[in-house]
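Chain by chain, the residues run as shown.
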Amino acid sequence: MATIILNHPLIDHKLTIMRNKETGTKEFRQNLDEIAMLMAYEVTKSLPLQNIEIETPICSMTGKKLVRPIVLVPILRAGLGLVDGFKTMIPTAKVGHIGMSRNEETLQPEEYYAKFPSCLKEADVIVLDPMLATGGSACAAITNIKKRGAKNIKFACLVAAPEGIQVIETEHPDVDLIVGALDEKLNDKGYIVPGLGDAGDRLFGTD
Ligand code: PRP
Ligand code: URA
C-alpha cells in the first residue's frame, strides 16, 4: 500500500538523543515513549471513519467514529517500548503480543510467543517494533498475524534500513509501512547504520 517516512522535527530531535551511545536506559525509554505518541498521531491518520448521528447541547449533527477496533501488536521485546505511548493516544486499543528473536548468527527470526485478542480479524492492527533491519522479524510477525485472520495491518517502526523496507514492500504489499527515520544501510552483522544499536538491550538494560 504505502510507505511513509515521517521526518518529523520532534522525532528527529528525540531519536538523536536515543542514538547517542552515552544515553542511558531512563532517557532512552522516555524518548521512545514520547516518540511513540507522535507516531501514533501519524500512523492513525488514515484510519477509516463512519458517520454517527449525535445530539450536541445545541443541535443534532452527523459526527464520526472509527469503523473498526484497534489492536496494537508489539514485537517482543523492543516493540514493548512503543506500547505505552500508543495506548496513551488510543486508550481503547487492545494489545496482542508476538515474540520474535533474531538469531545473531543466521539473522533469521525465531518466534517464541504469540497471543492475540479475539477481535484481530475485524480490527485495524498496528504492529510495533522500533527497528526494521533485514525485515525478517517484521515479515514473519505480519505473516503470523495474517494467518490468524487480520486483514487491515500497518507496521510502525522508528528506524529502518532500506533492505528491510524493500522486504516488507515485496512480501506484504498490502501493509502500510510508517517509518520514523530511514537510515543508510546494514552492516555485516545485520545492524542498522548509523542506527541506535540493539534496541531491546538499550531499552531493558541488558547486554
Ligand atoms: C530486534 C528488533 C527487531 C529485529 C530487527 O529484535 O527489535 O525485532 O531485531 O531485525 P530484523 O529486521 O533483521 O529481523 P531482537 O531479535 O534483537 O530481539 P529483542 O527485541 O528481544 O532484543
Ligand atoms: N535489531 C536492533 O535492535 N538493532 C539493529 O540495528 C538491528 C536489529
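Below is a summary of the structure that appears in this document.

Rules of the game
- Residues numbered from 1 in each chain as written.
- Chains lettered and ligands numbered in written order.
- Predicted model: local features only at pLDDT ≥ 70, side-chain atom pairs only at ≥ 80, totals over all residues.
- Heavy atoms only, no water.
- Near = heavy atom within 4 Å.
- Polar contact = N/O pair within 3.5 Å; in protein donor to acceptor, adjacent residues only side chain to side chain.
- Areas by Shrake-Rupley, 256 points an atom, 1.4 Å probe, with all protein chains shown as cover.
- Nonpolar A, V, L, I, M, F, W, Y, C, P; charged D, E, K, R; others polar.
- Pairing = 2+ DSSP bridges.
- Helix = DSSP H or I, 4+ residues; strand = E, 2+ residues; numbered from the N terminus.
- 1 Å grid on protein atoms, 1.4 Å probe; cavity = no way out; pocket = protein on both sides within 12 Å on 5 of 7 lines; lining within 4 Å.
- Sits in = over half its atoms within 2 Å of the grid points.
- Expected span 1.5 Å × (residues − 1).
- Buried < 20%, exposed > 50% of the residue type's maximum accessible area, 1.4 Å probe, protein only.
- Lys, Arg positive; Asp, Glu negative; His and termini not counted.
- Salt bridge = Lys/Arg side-chain N within 4 Å of Asp/Glu carboxyl O.
- Contact = heavy atoms within 4.5 Å.

1. Examining the site of ligand 2
Looking at ligand 2, the residues that line it are R102, M131, A133, G190, Y191, I192, G197, D198 and A199. The contact in question runs from an oxygen atom of ligand 2 to an N or O atom on the backbone of I192, over 2.8 Å. For ligand 2, the accessible surface in isolation is 240 Å², of which the surrounding protein chains cover 87%. Taken together, the residues of the shell around ligand 2 sort by class into 5 nonpolar, 2 polar and 2 charged.

2. Observations concerning the pairing of strand β3 (residues 60-66)
Within a regular beta strand, the side chains point alternately toward one face of the sheet and then the other, so they alternate between its two faces. Where strand β2 (residues 49-55) lies against β3, 7 bridges are found, and the strand directions are antiparallel. Residue pairing for β3: Q50 is matched across the bridge by K65. In this antiparallel pair of consecutive strands, β2 and β3, the connection spans 4 residues.

3. What about the site of ligand 1?
Around ligand 1 sit 16 residues in total, of which R77, R102, D129, T134 and S137 are the nearest. A distance of 2.7 Å separates an oxygen atom of ligand 1 from a polar backbone atom of R102. G135 places a polar main-chain atom, nitrogen or oxygen, 2.8 Å from an oxygen atom of ligand 1. Burial of ligand 1 by the surrounding chains reaches 93%, relative to a free accessible area of 500 Å². Its atoms largely coinciding with the cavity grid, ligand 1 occupies the largest pocket. Looking at the shell around ligand 1, the elements that each hand over two or more residues are β6 (97-102), β9 (131-132) and α4 (136-147). With 3 residues, the single largest contributor to the shell around ligand 1 is β6. For the shell around ligand 1, the class distribution of residues is 6 nonpolar, 6 polar and 4 charged.

4. Quick look at α4
Taking 1.5 Å per residue as the helical rise, α4 with its 12 residues ought to reach 16 Å, and the 17 Å between its terminal C-alpha atoms agrees with that figure. Listing the buried residues of α4 in full gives G136, S137, A138, C139, A141, I142, N144 and I145. Looking one or two places after α4, you find G149, whose phi comes out positive at around 105°.

5. Describing the side chain of D129
One can find D129 in the loop between β8 (124-128) and β9. No salt bridge is formed by the buried D129; the nearest opposite charge belongs to R102, separated by 9.3 Å. A polar contact is formed between the side chain of D129 and the backbone nitrogen of M131, at a distance of 3.1 Å. Apart from the residues lying within four places of it in its own chain, the contact partners of D129 are I75, A78, G79, L82, F155, A156, C157 and L158.

6. Quick word on the pattern of salt bridges
What the rule picks out here adds up to 9 salt bridges. Linking K14 and E34 is a salt bridge whose minimum nitrogen-to-oxygen distance equals 2.7 Å. One end of the pair, K14, is in helix α1 (residues 9-19); the other, E34, is in helix α2 (residues 25-43), with 20 residues separating them in the sequence. A relative accessible area of 16% means that K14 is categorised as buried. Salt-bridge contacts for D174 lead to K146; the nearest nitrogen and oxygen are separated by 2.8 Å. Here K146 lies in helix α4 and D174 lies in the loop between α5 (162-171) and β11 (176-182), a separation of 28 residues in the sequence. In this structure D174 comes out as partly exposed when scored by relative accessible area, which is 31%. We classify K146 as partly exposed; its relative accessible area is 26%.

7. Things to note about unusual backbone geometry
The step from L76 to R77 runs through a cis peptide bond, and the omega angle for that step is 0°. Here R77 shows up in the loop between β4 (70-76) and α3 (80-89). Put simply, V193 and P194 share a cis peptide bond, and its omega is 0°. Relative to the helices and strands, P194 is located in the loop between β13 (192-193) and α6 (199-204). Non-glycine residue N7 carries a positive phi angle of around 45°. One can find N7 in the loop between β1 (3-5) and α1. Located in the positive-phi region is L107, a residue other than glycine, with phi close to 65°.

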